[in-house]
Amino acid sequence: MNQTIEAIMSRRSIRCYKPHPIPSDIISTIIEAGNQAPSRGRMEEGQILFRPWRFVVVDDPEFRLKLVQTTLPIWKRATEGMKKVQPDMYENIMRQYEEMEEPKDMVYHCAPVILFVIGPADFAVSCALSCENIMVAATSLGLGSFYVGFGAMVTGNAEVVEALELVEGERIYGPIVLGYPDEESSALASIRPTKKEPEIKWI
Ligand SMILES: Cc1cc2nc3c(=O)[nH]c(=O)nc-3n(C[C@H](O)[C@H](O)[C@H](O)COP(=O)(O)O)c2cc1C
């Protein structure tokens, strides 16, 4: 099969990673792929500019611990909300949580790299396209990834906001975690939905 189609078809959210670091040239290639995404133009200082995003790569263990500590309570509250609606999934996830070693990273799943895509708040479509390019490129290079919605909920931590250099009007897209996939436990596999057939109408 064509390699691009193969990467798109085989991409899945991976939630279990080996601790091995990712070589920096591979991270650069993945970021280049993210930077290659199409984007809406924006007017700034009399010019139309494209590619509204910027990237922050986190691989420092101390900083990632800060991210985990900031987002884990938010994750816990949201997961509690699942108890009544999807009790089986809730129990599976909580079992996984209990078995996990400290700091019980149920948000980034111990991936060695967390890649923040940061852009203007009103450029969600463009920035999401960049995120998808990143995930497909990662798959094609043998890496796992997933889009961590909870990972954007760090704006309550001033230290994190400062390190990410987040300014008024910007928001976080992703972040996307990257790492070499490890075998996934059954509990985590259960939050992997089966793909539905595409709904198509031809006119
Ligand atoms: C906007 C967005 C936010 C997401 N947030 C999370 C998240 O916080 N945690 C998580 O485990 N997966 C998250 N995901 C991944 C989805 O759960 C996943 O894409 C979906 O289950 C489909 O599975 P697949 O990626 O393997 O095809 C997110 C995906 C998107 C697009």
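Relevant structure appears above.
This section reports on the structure supplied with the text. Everything numeric in this text was worked out from a predicted model, so none of it was measured. (Residues numbered from 1 in each chain as written. Predicted model: local features only at pLDDT ≥ 70, side-chain atom pairs only at ≥ 80, totals over all residues. Heavy atoms only, no water.)

**Considering the overall build of the chain**
Within the chain, the secondary structure is distributed over eight helices and six strands. Seen in sequence order, the chain has helices and strands lined up from the N terminus as α-α-β-β-β-α-α-α-β-α-β-α-β-α. Its C-alpha radius of gyration of 18 Å places the chain within 12% of the 17 Å reference for a compact globule of 203 residues. For the chain, the spread of C-alpha atoms along the principal axes amounts to about 55 × 50 × 35 Å. Per-residue burial over the chain gives 39% buried out of 203 residues. Expressed as a percentage of contacts within the chain between residues at least 6 apart in sequence, the contacts between residues at least 24 apart total 80%. Within the chain, one finds 21 positive and 28 negative side-chain charges whose respective centroids are separated by 7 Å. (Helix = DSSP H or I, 4+ residues; strand = E, 2+ residues; numbered from the N terminus. Rg over C-alpha atoms; globule rule 2.2 N^0.38 Å. Buried < 20%, exposed > 50% of the residue type's maximum accessible area, 1.4 Å probe, protein only. Contact = heavy atoms within 4.5 Å. Lys, Arg positive; Asp, Glu negative; His and termini not counted. Charge placed at Lys NZ, Arg CZ, Asp CG, Glu CD.)

**Here we look at helix α3 (residues 61-80)**
Along its 20 residues, α3 runs 28 Å from first to last C-alpha, staying within 8% of the 28 Å computed at 1.5 Å per residue. Maximal helix bending in α3 amounts to about 35°, located at Thr71; proline Pro73 follows within four positions. When α3 is considered as a whole, its buried residues turn out to be Phe63, Arg64, Leu67, Val68, Thr70, Thr71, Leu72, Trp75 and Thr79. Lining the buried residues of α3 we find β3 (54-58), α4 (82-85), α5 (87-99), β4 (113-120) and α7 (158-164). (Expected span 1.5 Å × (residues − 1). Bend = angle between axes of the 7 residues up to and from the residue.)

**Considerations on the site of the ligand**
The environment of the ligand is made up of 12 residues, and the closest members are Arg12, Ser13, Arg15, Gly149 and Lys195. A distance of 2.5 Å is found between an oxygen atom of the ligand and a side-chain nitrogen or oxygen belonging to Lys195. Here the ligand, which alone exposes 610 Å², has 63% of that area covered by the protein. Residue composition of the shell around the ligand, by class: six nonpolar, two polar and four charged. (Near = heavy atom within 4 Å. Polar contact = N/O pair within 3.5 Å; in protein donor to acceptor, adjacent residues only side chain to side chain. Areas by Shrake-Rupley, 256 points an atom, 1.4 Å probe, with all protein chains shown as cover. Nonpolar A, V, L, I, M, F, W, Y, C, P; charged D, E, K, R; others polar.)

**Brief notes about the state of the cysteines**
Inspection of every chain in the model, using the stated rule, returns zero disulfides. Cysteine Cys110 shares no disulfide, and the gap to the nearest cysteine sulfur, in Cys16, comes to 7.9 Å. Here Cys110 falls in the partly exposed class, since its relative accessible area comes to 41%. Of all cysteine sulfurs, the one in Cys131 lies closest to Cys127, which takes part in no disulfide; the gap is 7.0 Å. The buried category is assigned to Cys127, whose relative accessible area is 0%. (Disulfide = S-S within 2.5 Å.)

**Quick notes on unusual backbone geometry**
Glycine aside, negative phi is the norm for most residues, and most peptide bonds take the trans geometry. Cis rather than trans, the peptide bond between Glu102 and Pro103 has omega equal to 10°. Cis geometry marks the peptide bond from Gly174 to Pro175; its omega dihedral reads 5°. Tracing the backbone shows Pro175 in strand β6 (residues 170-179). A positive phi angle is found at His109, which is not glycine, with a value near 50°. Looking at where His109 falls in the secondary structure, it is placed in the loop between α5 and β4. The class for His109 is buried, based on a relative accessible area of 6%. Although it is not a glycine, Cys110 adopts a positive phi angle of roughly 60°. Residue position: Cys110 is located in the loop between α5 and β4.

Treat this as a map of the structure, not an account of what it does.
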